[in-house]
Amino acid sequence: MIKINLITGFLGSGKTTFIKKYATYLLQQGMNIGILENDFGAVNVDAMLLQDILGDHCTLEMVAGGCDADCHRRRFKTKLIAMGMCGYDCVLVEPSGIFDMDEFFDALHESPLDRWYEIGNVITIVDADLEQTLSESSRYLLASQVAQAGALLYSHVQEVSSEKLISTKNYVDQSFEILHTEKKPTPSITIEKNWDDLTDADFKAILSSGYHSADYAKLWFDDKKTYDSLYFMNMDFTEEFLKESCTKILNDPACGKVFRIKGFQKLSDGSWISLNVTHQKTEIQPIPNGQAILIVIGEGLNQAAIEGYWGKSNI
């Protein structure tokens, strides 16, 4: 059976960065792997950041959102059926940070997926500099992702103080209260180190970490009403303007509660940059190619207010 790994984590936690490192390790072990990007929005930006690891033994598929929940689940299952015929040793699933864990487990217990796939590991990424003012629904998603993880990895540990890391860990622990579970979930392994220092032993431990079937109270919410994503195409901004405007949008209550701004921009010299901005950090990096798009993700977004910074070019 094909081993399937779920790499999950809240918005901007670093899932794509980890997948590049994890997939590289698996390729070095001689595995044929497939990566399935299962995004919340209608356009998948993170997939473009994985292009440099693709080849004969590593391929990428995408399930875009932008539809109702039932449609999205059908697309997810259909894509896994197609991938099940490709001879992979391992499939890595990266969902959006806005992801109901039940969708993954329910799909894998349906025919024919239950005959083709074996759930290997659930790996949850938590930003060491996690925002600690999440809404009830966002905190529930965070807690449910950690509760079922076999491996819990904290990202950007090297960028925060030991006091901040402890504060984040306490916030995660306290978030379990919203699950109303009798037993505190405990991952098989927890890693708190710079990912550049991950060793073969670390990856072997992650690869055998498994997952947990947590028993907790389900919090119902309509993600289409709770979470928004706005898309801005073919904008002509300088790198400096992007930094300034993204910071303003993130901190302007009139724009709504913005979690993350991500995308690509082509500069005047013809080069491309990737953009990933949260309240905690701004990451801008050169990339070989891109798509001229910026995506704003958050709760209760005010389209008109955001257009006041960028103008009207959204889809």
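The notes below deal with the structure included here. (Residues numbered from 1 in each chain as written. Predicted model: local features only at pLDDT ≥ 70, side-chain atom pairs only at ≥ 80, totals over all residues. Heavy atoms only, no water.)

Considering the sheet that holds strand β8 (residues 227-233)
The cut-off we apply is this: Here a strand pair is declared whenever DSSP counts at least two bridges between the two strands. Numbering goes from the N terminus for both helices and strands, where a helix is a DSSP run of H or I of at least four residues and a strand is a run of E of at least two. Lines are fitted to the C-alpha atoms to define the axes, a helix being fitted only along its stretch in contact, and any angle between axes, read from their N-to-C directions, falls within 0 to 180 degrees.
With respect to topology, five strands assemble into an open sheet ordered β8-β12-β9-β10-β11, the strand pairing being antiparallel. Both edges of this open sheet fall to β8 and β11 (282-287), since each of them pairs with a single strand only. With direction set aside, neighbouring strand axes in the sheet form an average angle of 10°. Inspection of the sheet shows strand β9 (residues 257-266) paired to strand β10 (residues 272-277) by six bridges, in the antiparallel sense.

Comments concerning unusual backbone geometry
Of the consecutive residues Ser-111 and Pro-112, the connecting peptide bond is found in the cis state with omega at 0°. Locating Pro-112 in the fold gives a position in the loop between α3 (101-108) and α4 (113-116). The phi torsion at His-156 lies on the positive side, around 60°, for a residue other than glycine. Tracing the backbone through its elements, the reader meets His-156 in the loop between β6 (151-155) and α6 (162-175). You will see that Asn-234, though not glycine, has its phi angle at about 55°, which is positive. Here Asn-234 shows up in the loop between β8 and α9 (239-251).

With respect to α9
Residue pairs three or four apart in sequence face the same way in an α-helix, which turns once every 3.6 residues. Put simply, the rule is: One less than the number of residues in a helix, times 1.5 Å, gives the span that helix is expected to have. Only protein chains enter the accessibility calculation, which uses a 1.4 Å probe; a residue whose area is less than 20% of its type maximum is buried, one above 50% is exposed, and one in between is partly exposed. Picture the helix axis, draw a direction to every C-beta atom, and the arc is the one those directions span. Throughout, a residue-residue contact means that at least one pair of heavy atoms, one from each residue, lies within 4.5 Å.
Helix length check: α9, at 13 residues, gives a terminal C-alpha distance of 19 Å against a target of 18 Å (1.5 Å per residue), a fit within 8%. What α9 keeps buried is the set Leu-242, Ser-245, Cys-246, Ile-249 and Leu-250. Down the axis of α9, the smallest arc covering the buried residues is 135°, so these residues share one side. The inward-facing, buried residues of α9 contact β9, β10, β12 (293-299) and α10 (303-310).

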